[in-house]
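Next come the chains, spelled out residue by residue.
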Amino acid sequence: MGRRRWLPDRPRPKLVSLRTTFAVSFAAVTAAVTILVGILSYSSAARLVRVDQQSVFTQVVQDVRDEVRQHAMGPEDFSSSRPGHDLVRPARTDVQVLGALGQIVDHGSPVLPVTSRDRAVAVARPAGQVVQHKDVRVDEDLFRIATVSLGDGRGAVQVAQEFSDTEDLLRALQQRTLILMAAVVVAAGLFGWWLARRITRRLVVLTSAAEDVARTRRLGIQVPVAGLDEVGRLGRAFDRMLGRLAQSEEDQRRLVQDAGHELRTPLTSLRTNISLLRRIDELPPASREELVADLSQEARELTDLVNELVDLAAGQSDAEPPQRVDLSDLAEDVVGLARRRTGRDVVLHTSGDTTTDGRPGMLQRAISNLVENAAKFDPDGKAPIQVGVTGPARPGTVRVEVLDRGPGIADGDLVRIFDRFYRAADARSQPGSGLGLSIVREVAMAHGGAPFAYRREGGGAVIGFTVGGGLTGSESGSG
């Protein structure tokens, strides 16, 4: 044999709880929305502030241009020391006056730089000529500067607007916006965690119940989940599923126990007769014939029992797809086959709409079991076996019944004849295993109906089932 290679254990993927996923997702969505809104809000506010400052500066420059164009003005008219000087100085606006040679005759506060372009404007002939400078740094502050000529070489006026304070204000607004966004994200994460815990609390309970079932294999665990939402519906559906699984497990266990009990008798008899076969040469001819007959009979009964167990198990499965089926057609096939097998007169009566949704194989098996049961318990009967298919007794319900003139059913046996392996005291001498009517019950209940049985007037029994609904009034009152 080859040597097995040792493979290192692969690390298991770390499980992420639904609560964590929900909380992280909620926080991520909130963070994305908050960041987007914060960026758009800051951008809009900053643009409005900058546009407003630019508009104020542009208007001041335009007012100076209009003034010097309309009136012949000199540097002294804009001097800050002259009472009633004509230039209005808005907030964060600095004014500096240049002379005819471009020299500073009235400096601003702070003193503004003068370039060659500014001096050229100061000696310019036309009034209102403008040259502008952007992002000029003066004493750690930023300014925008416009130089306006007075005309005829008389000098110029420099108007400067400080916007570094505005940028400082916008930076402070940006920092506060970032802090606010961070606080909103943290608050959203905490709220998302609380909300996820509240929402998934019942899912955690449901998960624990499912894990308990998987670990202990006990299906009788109560699922403590309430509510009218999807989680509550899931909890109730899970509880019903566990109930049905528990019932199925109990039915399976009981079927195995009952089958084992019923198989033990014919198998014991077979072993006894097989042991006699060792001394068959010592037996007289009549005993030999009797032994072979007993073996044949026991083999047939054992075969019938196994076949009925298989039929019962098949009747509990949903492998056959449901379809629209006419019960009168199925009953007609069963009646024809029973006539050929038994040689008895079997009569079929139908009335009304006998179609329903169901599994034809299961329904035909149930009808066949009823007819075979009637023929078995009335083997020498002269009266015909009657099969009735009636529908609808009430909306969506079809009734199937078989009437015979056999020995009838005792009152104490009416409520038990559909139990598995149950055989009445006076029927135990008859062949069979007691599974035929149990199969009828399983088929009826699988199709939303129920079996029924009661004694027939004048002798005999009426046994049948309904499909598509519950018991009718006559059925519930008869047995």
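Residues numbered from 1 in each chain as written. Predicted model: local features only at pLDDT ≥ 70, side-chain atom pairs only at ≥ 80, totals over all residues. Heavy atoms only, no water.

(A) Expanded view of the packing of aromatic side chains. A full pass over the atoms with the stated rule returns two aromatic pairs. Arranged with centres 6.4 Å apart and planes meeting at 20°, the rings of phenylalanine 452 and tyrosine 454 form a pair that is stacked. (Phe/Tyr/Trp six-rings, centres within 6.5 Å; stacked < 30°, edge-to-face > 60°.)

(B) A look at helix H6 (residues 327-342). Counted at 1.5 Å a residue, the expected span for H6 with its 16 residues is 22 Å, and the 22 Å between its end C-alpha atoms agrees. Inspection of H6 places Leu327, Ser328, Leu330, Ala331, Val334, Val335, Gly336 and Ala338 among the buried residues, and these make up the whole buried set. (Helix = DSSP H or I, 4+ residues; strand = E, 2+ residues; numbered from the N terminus. Expected span 1.5 Å × (residues − 1). Buried < 20%, exposed > 50% of the residue type's maximum accessible area, 1.4 Å probe, protein only.)

(C) Looking closely at the environment of glycine 358. As for its position among the elements, glycine 358 is in strand S8 (residues 355-358). A relative accessible area of 3% places glycine 358 in the buried class. Sequence separation between glycine 358 and arginine 324 is 34 residues, and the spatial gap between their C-alpha atoms is 6.4 Å.

(D) Expanded view of the confidence of the model for the chain. In this model, the chain carries an average pLDDT of 76, and 79% of its residues clear a pLDDT of 70 or more. Taken as a whole, residues 470-479 scores under 50 in pLDDT and shows 18 contacts with residues more than four places along the chain or in a different chain. (pLDDT = per-residue confidence, 0-100. Contact = heavy atoms within 4.5 Å.)

(E) Examining the environment of glycine 108 more closely. When you line up the elements, glycine 108 lands in the loop between strand S2 (104-106) and helix H2 (116-122). In the structure, glycine 108 is positioned 50 residues away from glutamine 158 in sequence and 8.7 Å away in space, judged by C-alpha atoms. Setting aside residues no more than four positions away along its own chain, glycine 108 makes contact with Asp94, Val95 and Gln96.

(F) Fine view of the sheet that holds strand S5 (residues 156-162). What the five strands build is an open sheet, ordered S2-S1-S5-S4-S3; its pairing is antiparallel. With partners counted over all chains shown, the strands left at the sheet margins are S2 and strand S3 (130-138), one partner each. Going from strand to strand, the sheet's axes swing by 30° on average, the running direction of each strand aside. Relative to S2, strand S1 (residues 93-98) runs antiparallel, the two being bridged by two bridges. (Pairing = 2+ DSSP bridges. Axes fitted to C-alpha atoms, helices over the stretch in contact; angles between N-to-C directions.)

(G) Molecular detail of the side chain of aspartate 404. Here aspartate 404 is to be found in strand S10 (residues 398-404). Although aspartate 404 is buried, it forms no salt bridge, and the closest oppositely charged side chain is arginine 456 at an N-O distance of 6.2 Å. Once residues within four sequence positions are removed from consideration, aspartate 404 is found in contact with Ala374, Arg456, Gly459, Gly460 and Ala461. (Lys, Arg positive; Asp, Glu negative; His and termini not counted. Salt bridge = Lys/Arg side-chain N within 4 Å of Asp/Glu carboxyl O.)

(H) Summary view of the nonpolar core. Counting 36 residues, the largest nonpolar core has Leu327, Leu363, Ile463 and Phe465 as its most contacted members. Sequence-distant contacts of isoleucine 463, that is, excluding residues within four places in its chain, are made with Leu370, Asn373, Glu401, Val402, Ile409, Ile417, Phe418, Leu437, Phe452 and Ala453. Judged by nonpolar contacts, the second largest core, of 14 residues, contains Met73, Ala146, Leu150 and Val159. (Core = buried A, V, L, I, M, F, W, Y, C linked by side-chain atoms within 4.5 Å.)

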